[in-house]
Amino acid sequence: MGKQGKSLHMEHVEDEMLNLGSEGGKKAIKVLRHMASYLEGGGKNLSGVSVTTKWDGAPAVVCGTDPADGKFFVGTKSVFSQSPKICKTQSDIQRMYDGVLAQKLSACLRYLADCDIKGVLQGDLMFTDDKETKTIRGNKYLTFRPNTITYAVDPLTPLGKTIKKANLGIVFHTRYTGKTLASMQASFDVKNSDFKANTFVWIQKAMFEDVDKKATLNKSERRQFESAVNMAEGSLKQASSVLDLIQSGKKPLGFDTEFKKFFNNFVKNAQDNPSVQEAYVMFAHHLGKEFAKAIEKNRTLKAQEAKVFKFVEYIDFMEEHEKKFKMLLASYFNIQKAKLMLVDKMKVVSSLKLFVDMGTHYEATSPEGFVAISAEGAVKLIDRLEFSRLNFTVPKNW
């Protein structure tokens, strides 16, 4: 896969139509079709796309060799900030950080320095000295919970014994290359040769692999998938002109901005998608509420009148292009539907048991999601009603 740049903020695949207009919609369709072909190949990059699993680790750790002096360092993503925090000694960590984060980075500096890391890698820290033995649903597990998900493994299995011995666990997903840290470019092609695990460090690559082809769509599932993708493609063609017209560059109260907030509210409220007709009406009400908040913030009558006038223009525009707006909504919902078919298949592929601590009991869950990487960039494929909702509602461990 090509270089992605240092800014690796990724969007949900269904949001690309809102981010990039009609071209973003075409990109989403292309990614979904490539993903289905990818899964048929057992998770091998035969279709112009590769996939990584999103592990629910924290914090994000950047580590490797500083090209400026050849010394090993650790840090967070602030390594690449305008005022970088690059820790090469324990005293650097204590000077720049405190609390649990300082303890985590201290362990990283101590143990990752011996892992022969090539260049600079970024990963999600899974555990240090915080592994626990727990009984979940009557079974004894070795567990660790870096963020929202509790990862569990049978301590008597080879994997369980390896993790039990390790003092640190990390999953690498990004590799950086360049002559200086400030100029480095990121890519997702982490290789086994980029690091060496040892007795004290459990290391995984994030690359999705389906050796047993558990995630392959059967004939019936493939037909349902193609139907959803074809429906999305058809509605996208009808919505394409409006998708391009509403591009504001993410400005406040822009149609594109408000659509993303509108769709995200379904996640926050754990609400299934309504019908297209209902969604059309609900979006108009959403705009009314957002404009009302903006009007209330304006202190001058002139500014308030300008906002009211703009809101009226928005409603007129929606009514003028009602069918196209409904096709936009239908496209978004159908892309989500096709995406979830893939995610539901892929999430059964995991070497660990995954649970969510609900306070009084544990509920089984699935990986945070997946990232599809192609020549056009990277997008997230996540069951937003499952995991994103948990991110809003389950308290963090630290």
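Residues numbered from 1 in each chain as written. Predicted model: local features only at pLDDT ≥ 70, side-chain atom pairs only at ≥ 80, totals over all residues. Heavy atoms only, no water.

Digging into the overall build of the chain
Okay, so step 1: Across its full length, the chain carries 11 helices and 15 strands.
Okay, so step 2: Here the C-alpha atoms of the chain give a radius of gyration of 23 Å, agreeing with the 21 Å that 2.2 N^0.38 yields for 398 residues.
Okay, so step 3: For the chain, the C-alpha atoms occupy an extent of roughly 65 × 55 × 45 Å along the three principal directions.
Okay, so step 4: Taken across its 398 residues, the chain has 52% of its residues classed as buried.
Okay, so step 5: Of the roughly 19000 Å² of accessible surface on the chain, a fraction of 52% belongs to carbon and sulfur atoms.
Okay, so step 6: Considering the chain, the positive charge centre built from 59 side chains and the negative charge centre built from 46 side chains are found 4 Å apart. (Helix = DSSP H or I, 4+ residues; strand = E, 2+ residues; numbered from the N terminus. Rg over C-alpha atoms; globule rule 2.2 N^0.38 Å. Buried < 20%, exposed > 50% of the residue type's maximum accessible area, 1.4 Å probe, protein only. Areas by Shrake-Rupley, 256 points an atom, 1.4 Å probe, with all protein chains shown as cover. Lys, Arg positive; Asp, Glu negative; His and termini not counted. Charge placed at Lys NZ, Arg CZ, Asp CG, Glu CD.)

Points about the sheet that holds strand β13 (residues 362-364)
Okay, so step 1: Read from one edge to the other, the open sheet built from 5 strands follows the order β6-β7-β8-β12-β13, with strand pairing classed as antiparallel. In the strand order of this sheet, the two ends are held by β6 (132-136) and β13, each with one partner. Sheet twist, expressed as the average angle between the axes of neighbouring strands with direction ignored, equals 45°.
Okay, so step 2: Alignment of strand β8 (residues 149-153) against strand β12 (residues 353-357), held across 4 bridges, turns out to be antiparallel. In the strand pairing of β12, Ala 152 is matched with Lys 353.
Okay, so step 3: Here helix α5 (residues 158-165) sits on the sheet in contact with β7 (139-144) and β8, set at roughly 45° to β7. (Pairing = 2+ DSSP bridges. Axes fitted to C-alpha atoms, helices over the stretch in contact; angles between N-to-C directions. Contact = heavy atoms within 4.5 Å.)

Here's the deal with the side chain of Thr 52
Okay, so step 1: In this structure, Thr 52 sits in strand β2 (residues 49-54).
Okay, so step 2: Of the residues examined, Thr 52 reaches a relative accessible area of 4% and is grouped as buried.
Okay, so step 3: Thr 52 has contacts with Ala 206, Met 207, Phe 208, Gly 369, Phe 370, Val 371 and Ile 373, leaving out every residue within four places of it along the chain.

Topic: the packing of helix α2 (residues 22-40) against helix α6 (residues 219-245)
Okay, so step 1: The geometry of α2 relative to α6 is characterised by a closest axis approach of 8 Å and an angle of 165° between their N-to-C directions. Our classification of the angle between α2 and α6 gives roughly antiparallel. The interaxial crossing formed by α2 with α6 has left-handed handedness. Only Arg 222, Phe 225, Glu 226, Val 229, Asn 230, Ala 232, Glu 233, Leu 236, Ser 240, Leu 243 and Asp 244 of α6 make contact with α2, whose side of the interface consists of Ser 22, Gly 25, Ile 29, Leu 32, Arg 33, Ala 36, Ser 37 and Glu 40.
Okay, so step 2: The class makeup of the residues in the contact of α2 with α6 is 8 nonpolar, 5 polar and 6 charged. (Parallel < 35°, antiparallel > 145°, perpendicular 65-115°, else oblique. Left-handed = near helix turned anticlockwise from the far one by under 90°. Nonpolar A, V, L, I, M, F, W, Y, C, P; charged D, E, K, R; others polar.)

Regarding the packing of α2 against helix α10 (residues 322-346)
Two packed helices can be described by the angle between their axes and the distance between those axes.
Okay, so step 1: Axis separation between α2 and α10 bottoms out at 11 Å; the angle between their running directions is 25°. When the axes of α2 and α10 are compared, the pair comes out roughly parallel. Our pair here, α2 against α10, has a crossing hand that is left-handed. On α10, the residues that touch Ala 28, Ile 29, Leu 32, Met 35, Ala 36 and Leu 39 of α2 are Ile 335, Ala 338, Lys 339, Leu 342 and Met 346.

What about the packing of aromatic side chains?
Okay, so step 1: Applying the stated criterion across every chain, the model contains 28 aromatic pairs.
Okay, so step 2: Relative to Phe 333, the ring of Phe 263 has its centre 5.9 Å away and its plane inclined at 80°; by these criteria the two rings are edge-to-face. Within this pair, whereas Phe 263 is found in helix α7 (residues 255-268), its partner Phe 333 is found in helix α10, the two being separated by 70 residues in sequence.
Okay, so step 3: Overall, the relative accessible area of 11% leaves Phe 333 in the buried class.
Okay, so step 4: The ring of Tyr 97 carries the charged tip of Lys 85 above its face, separated from the ring centre by 5.0 Å.
Okay, so step 5: Its end group placed over the ring of Tyr 280, Lys 326 keeps NZ or CZ at 5.3 Å from the ring centre. (Phe/Tyr/Trp six-rings, centres within 6.5 Å; stacked < 30°, edge-to-face > 60°. Lys NZ or Arg CZ within 6 Å of the ring centre and 35° of its normal.)

A look at the pattern of salt bridges
Two side chains carrying opposite charge are able to pair once their charged atoms lie near each other.
Okay, so step 1: In the structure shown here, the tally under the stated rule is 29 salt bridges.
Okay, so step 2: One salt bridge connects Arg 384 with Asp 15, and the closest N-O pair in it is separated by 3.8 Å. Of this pair, Arg 384 sits in helix α11 (residues 384-393) while Asp 15 is found in the loop between β1 (11-12) and α1 (16-20), placing the two residues 369 residues apart along the sequence. Exposure class is identical for Arg 384 and Asp 15. Each is buried.
Okay, so step 3: The shortest N-O distance in the salt bridge between Arg 222 and Glu 40 comes to 2.5 Å. Of this pair, Arg 222 sits in helix α6 while Glu 40 is found in helix α2, placing the two residues 182 residues apart along the sequence.
Okay, so step 4: The exposure class of Glu 40 is partly exposed, given its relative accessible area of 37%. (Salt bridge = Lys/Arg side-chain N within 4 Å of Asp/Glu carboxyl O.)

So, a negative patch on the surface
Okay, so step 1: A cluster of acidic side chains, namely Glu 313, Asp 316, Glu 319 and Glu 320, defines a negative patch on the protein surface.
Okay, so step 2: Looking at the element boundaries, Glu 313 is found in helix α9 (residues 301-320). (Patch = residues over 30% accessible without salt bridge, like charges linked within 9 Å, V, L, I, M, F, W, Y side chains within 5 Å.)

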